[in-house]
Amino acid sequence: MTRKVNIGNVTIGGGSPIAVQSMLNVPAGDVAGSVAQARALEAAGCDIIRAAVPDREAVRLVPAIKAAVSVPLVADIHFDYRIALDCVAAGVDKIRLNPGNIGGEDRVKQVADACRAAGVPIRIGVNSGSLEKHILAKYGAPTPQALVDSALYHARLLEKFDFTDVVVSIKSSHVPTMIEAYRLAAEQLGCPLHLGVTEAGTARMGLIKSAVGIGSLLCDGIGDTIRVSLTADPVEEVRAARDILKAVGRGRGPEIVSCPTCGRTKIDLISLAGRVEEALAGCRKDIKVAVMGCVVNGPGEAREADIGIAGGNGEALLFKKGEPAGKYPKDRIVDVLLEEIEKL
C-alpha cells in the first residue's frame, strides 16, 4: 500500500484506481496541435497527460492545455530548473524531474520549495540511461538494484528539503530488468509507482512488452499509474493501457472474449468479433461480452459472460449468463447483441 498523492483532480496511491497516462508527441512549439492532441487523449480515456517542456518558451503550453482539458497535466523537465519553476507558476499539476540533471542541490531545493508551496507533486524518473556515475561504478551496469538506488538517492535528496510528495518511475527497455526493479522498489519505497517499459517499440512489439511488464506487476499488486510507451499515436497508448487493465481485472468498460475459431466454425467469427469490438469502443459498461464460434462449447466456455453469441450454420445463438436467449440470422446477430447490451 503506497501513500496517496494528489495530481490535480486525480488521486493515485493508497488503493486509488490505477491511472492511465500518455504523453504528447506534437512538437512543443505547436501549441494548437498540442491542445488538439490533449483533447483526443482525454476523449480516449487518458487520466493524466504529460508534455515535454524543453525550454522556457514552451511553458506557454501549460495554460493552453489546462484551459482545453480537465485531466491533470505533467510537465516533463530536463536540465534547466527554471523551466520547472515557470511551469509551477503557470499552474501545472505535476513536475516530472530527474534531480540529477538540473544542477546543484540549491536548484533542486528551489524546485522542491516551489512545488511544496503550490501543492505540486514531483515524479522522479529513473531509467537505464540516467544512472549516476557513482551508482553505475558500484554495480557495473544498470541492474535492477542500481535503478532502485538511483530512485532512493533522488527521493532522499528531495526529503532533505522537506519534500515528500513524490511519485517514482523506474523504467528499462529490458522487460525482466523492469519487472525486478519495480518489485525491489515496492519493497524499499512507500511512494506511488508509475509503471512503464521505456522505449518499448512499435505498436506491435511495444504492446507485447508493455503487457508482459506492466501486467506482471499489476498482478503482483504493484503499480499506481501506468503508461504504455509506443512508437505510435498516443491515443493507441491509452487504448492499450485500458486493455491491459481489463486483462488483469482492474479495468473499466466491456471485456470482450472470443474464441480462436476451429473446424467447427461455420460463421465469419473474425469479422463478427471485429464489429462487436468496434461498436463497443465507446461503451463504459462493466460487462463481459462473449463472441464464440460454435454452439457446441460456446455458451459453456463463456458462462461467466453477461451476454454473448455462439455461431451456427448461417445463424447464431444469443445467450445470457450461459443460458440460450434466442436464435437469429448471422446478418442480424450483431445488431441484436448490441440492442441487448443497451438494455443491460
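Because the structure is predicted, anything quoted here is derived from the model rather than measured. (Residues numbered from 1 in each chain as written. Predicted model: local features only at pLDDT ≥ 70, side-chain atom pairs only at ≥ 80, totals over all residues. Heavy atoms only, no water.)

Whenever I open this one, the overall build of the protein chain confuses me. Can you help?
Of the regular secondary structure elements, the protein chain holds 12 helices and 15 strands. Seen through its principal axes, the protein chain has C-alpha atoms that stretch 75 × 45 × 30 Å. When burial is assessed residue by residue, the protein chain has 51% of its 344 residues classed as buried. Considering only intrachain contacts with a sequence separation of at least 6, the fraction spanning at least 24 residues in the protein chain is 62%. By element, 51% of the accessible surface of the protein chain is carried by carbon and sulfur atoms, the whole surface being about 15,200 Å². The centroid of the 41 positive side-chain charges in the protein chain is displaced by 1 Å from the centroid of its 41 negative side-chain charges. (Helix = DSSP H or I, 4+ residues; strand = E, 2+ residues; numbered from the N terminus. Buried < 20%, exposed > 50% of the residue type's maximum accessible area, 1.4 Å probe, protein only. Contact = heavy atoms within 4.5 Å. Areas by Shrake-Rupley, 256 points an atom, 1.4 Å probe, with all protein chains shown as cover. Lys, Arg positive; Asp, Glu negative; His and termini not counted. Charge placed at Lys NZ, Arg CZ, Asp CG, Glu CD.)

It is not clear to me how the layout of surface pockets should be interpreted in this structure. Could you clarify?
Regions of empty space are outlined by a rolling probe, equal in size to a water molecule, passed over the atoms. What the largest pocket holds in volume is close to 760 Å³. Arg-239, Arg-242, Asp-243, Lys-246 and Ala-281 are, among the 23 residues lining the largest pocket, the residues nearest its centre. Sorting the residues of the lining of the largest pocket by element identifies helix H1 (31–44), helix H9 (234–247), strand E11 (255–258) and helix H10 (269–279) as the ones contributing at least two each. At 6 residues, the largest contribution of residues to the lining of the largest pocket is made by H9. (1 Å grid on protein atoms, 1.4 Å probe; cavity = no way out; pocket = protein on both sides within 12 Å on 5 of 7 lines; lining within 4 Å. Points joined across faces, edges and corners; volume = space filled by probe spheres on them.)

What am I meant to see in the nonpolar core here?
Inside soluble globular proteins, nonpolar side chains tend to come together where they are buried. By size, the foremost hydrophobic cluster in this structure holds 81 residues, and its most contacted members are Cys-87 and Ile-95. Counting residues in hydrophobic clusters, the runner-up holds 26 residues, among them Leu-280, Met-292, Ala-316 and Ile-341. (Core = buried A, V, L, I, M, F, W, Y, C linked by side-chain atoms within 4.5 Å.)

I tried to follow the sheet that holds strand E14 (residues 315–320) on my own but got confused; where do I start?
Sheets are built from strands paired through backbone hydrogen bonds, the pairs being either parallel or antiparallel. In spatial order, the strands read E11-E12-E13-E14-E15; together these 5 strands make up an open sheet with mixed pairing. Edge positions in the open sheet fall to E11 and strand E15 (323–329), since each of these has one partner strand only. Direction aside, neighbouring strands of the sheet carry axes that sit 20 degrees apart on average. Here strand E13 (residues 307–311) pairs with E14 via 4 bridges, running antiparallel. (Pairing = 2+ DSSP bridges. Axes fitted to C-alpha atoms, helices over the stretch in contact; angles between N-to-C directions.)

Would you mind showing me how to read the pattern of salt bridges here?
In a structure, side chains of opposite charge can pair up when their charged atoms sit close to one another. Evaluated as defined, the whole model comprises 17 salt bridges. Between Asp-76 and Arg-96 there is a salt bridge, with its nearest N and O atoms 3.6 Å apart. Remark: Arg-96 occurs in strand E6 (residues 94–97) and Asp-76 occurs in strand E5 (residues 73–76); sequence separation between them is 20 residues. You'll find Asp-76 and Arg-96 in the same group, each marked buried. A salt bridge links Glu-105 to Lys-160, with the shortest nitrogen-to-oxygen separation between them at 2.6 Å. With a gap of 55 residues between them, Glu-105 in helix H4 (residues 105–118) and Lys-160 in helix H6 (residues 144–160) connect regions that are remote in the sequence. Through salt bridges with shared partners, one network takes in Arg-50, Asp-76 and Arg-96. (Salt bridge = Lys/Arg side-chain N within 4 Å of Asp/Glu carboxyl O.)

I keep staring at the sheet that holds strand E3 (residues 19–23) and nothing clicks. Help me out?
The parallel open sheet is built from 8 strands, whose spatial order is E8-E7-E6-E5-E4-E3-E10-E9. Edge strands, defined here as strands with exactly one partner in the open sheet, are strand E8 (166–171) and strand E9 (194–195). Sheet topology places E5 next to E6; 3 bridges connect them, and they run parallel. Within the sheet, the bridge partner assigned to Ala-75 lies in E6 and is Ile-95.

Explain H10 here, please?
For the α-helix, the turn length of 3.6 residues means that residues three or four positions removed from each other point alike. Every buried residue of H10 is accounted for by Leu-269, Leu-272, Ala-273 and Val-276. Down the axis of H10, the buried side of the element spans an arc of 95 degrees, and every buried residue falls inside it. Structural note: H10 exposes Ile-270 and Glu-278 on the side pointing more than 90 degrees away from its buried face. Tucked inside the fold, the buried residues of H10 contact E11, strand E12 (288–292) and helix H12 (333–343). (Arc of directions from axis to C-beta.)

I would appreciate a short explanation of a nonpolar patch on the surface in the present structure.
Taken together, the side chains of Met-205, Ile-208 and Val-212 make up a nonpolar region of the molecular surface, amounting to roughly 240 Å² of accessible area. You can see Met-205 is positioned in helix H8 (residues 203–219). Residue classification places Met-205 among the partly exposed positions, given a relative accessible area of 37%. (Patch = residues over 30% accessible without salt bridge, like charges linked within 9 Å, V, L, I, M, F, W, Y side chains within 5 Å.)

Explanation requested: the environment of Pro-63 in the structure shown.
Of note, Pro-63 is situated in helix H2 (residues 61–68). A C-alpha to C-alpha distance of 17 Å links Pro-63 and Cys-115, two positions 52 residues apart in sequence.

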